Amino acid sequence: MQANYTTKSATETIKLGEELGTTLRGGDLVLLAGELGGGKTQFAKGIAKALGIGETVVSPTFTIERSYQGKTYTLHHLDLYRTQDDREIYSQIQEYISSPLDITVIEWPENMVDLKTKSHYLVNFTYTDDDNRAITFSKVGAEWS
């Protein structure tokens, strides 16, 4: 299953993330792929907003992970840009996606090959010009059949 969207501002990208966020449940995994500056963190901000997180969501590029407590779920936001198939991080992610109380959003999932073994949302971001982004949602895995 695939859906295509275009956003014309960071605000629209946040709103699209919020729409997805309202559908997420514990154990869900959302993989955000695309170029630097493509809107991945803005999208994660929308997911956080939908989960009732009032804290400012920032890119975890240098810390690798930031966690935020929402009304029902904890959001784990990871950025794997600076990692390469790190087994310790992989083990932590496995704990999150096994928990009914956690939702996991990962930027740069291509740096952790085994992540695609669980059913997940894959969201791809592509620049179409300075302000516009083409965003493609896919549900991947047997769970979505």
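Note: the structure precedes this text.
Calculation notes
Residues numbered from 1 in each chain as written. Predicted model: local features only at pLDDT ≥ 70, side-chain atom pairs only at ≥ 80, totals over all residues. Heavy atoms only, no water. Core = buried A, V, L, I, M, F, W, Y, C linked by side-chain atoms within 4.5 Å. Buried < 20%, exposed > 50% of the residue type's maximum accessible area, 1.4 Å probe, protein only. Helix = DSSP H or I, 4+ residues; strand = E, 2+ residues; numbered from the N terminus. Contact = heavy atoms within 4.5 Å. Expected span 1.5 Å × (residues − 1). 1 Å grid on protein atoms, 1.4 Å probe; cavity = no way out; pocket = protein on both sides within 12 Å on 5 of 7 lines; lining within 4 Å. Points joined across faces, edges and corners; volume = space filled by probe spheres on them. Nonpolar A, V, L, I, M, F, W, Y, C, P; charged D, E, K, R; others polar.

Undergrad: If you had to explain the nonpolar core to someone new, which residues and values would you point to?
TA: Counting residues in hydrophobic clusters, the biggest one holds 22 residues, and the most contacted among them are Leu20, Val30, Leu32, Phe43, Ile47, Leu75 and Val123. For this core, the secondary-structure elements that each account for two or more residues are helix H1 (10–21), strand E2 (29–34), helix H2 (40–50), strand E5 (102–107), strand E6 (120–127) and strand E7 (133–140). Here this core gets four residues from one element, more than from any other, and that element is H2. Discounting residues that sit within four places of it in the chain, Leu75 has contacts with Ala44, Ile47, Ala48, Leu51, Ile53, Arg66, Ser67, Tyr68, Ile103 and Val105. Counting residues in each nonpolar core, the second largest holds 14 residues, with Tyr90, Ile93, Ile106 and Trp108 among its members.

Undergrad: Break down H1 for me, with residues and values.
TA: For H1, spanning 12 residues, the distance from its first C-alpha to its last is 16 Å, which sits close to the expected 16 Å at 1.5 Å a residue. Where H1 is buried, its residues touch strand E1 (2–7), E2, H2, E6 and E7.

Undergrad: Can you explain the layout of surface pockets? Please cite residues and give values.
TA: There is about 240 Å³ of room inside the largest pocket. Every residue lining the largest pocket is counted, 21 residues in all, and those nearest its centre are Leu36, Gly37, Gly38, Gly39 and Lys40. For the lining of the largest pocket, the leading source of residues is H2, giving three residues. Residue composition of the lining of the largest pocket, by class: four nonpolar, 10 polar and seven charged. The volume enclosed by the second largest pocket comes to roughly 180 Å³. For the lining of the second largest pocket, a count of residues per class yields seven nonpolar, three polar and two charged.

Undergrad: Could you give an account of the environment of Trp108, with specific residues and numbers?
TA: Mapped onto the elements, Trp108 comes out in the loop between E5 and E6. Residue class for Trp108 comes out buried when judged on its relative accessible area of 12%. Put simply, Trp108 and Thr83 are 25 residues apart on the chain and 9.2 Å apart in space, counted from C-alpha to C-alpha. Not counting chain neighbours up to four residues away, the residues in contact with Trp108 comprise Leu32, Gly34, Glu35, Leu36, Lys40, Asp79, Leu80 and Tyr81.

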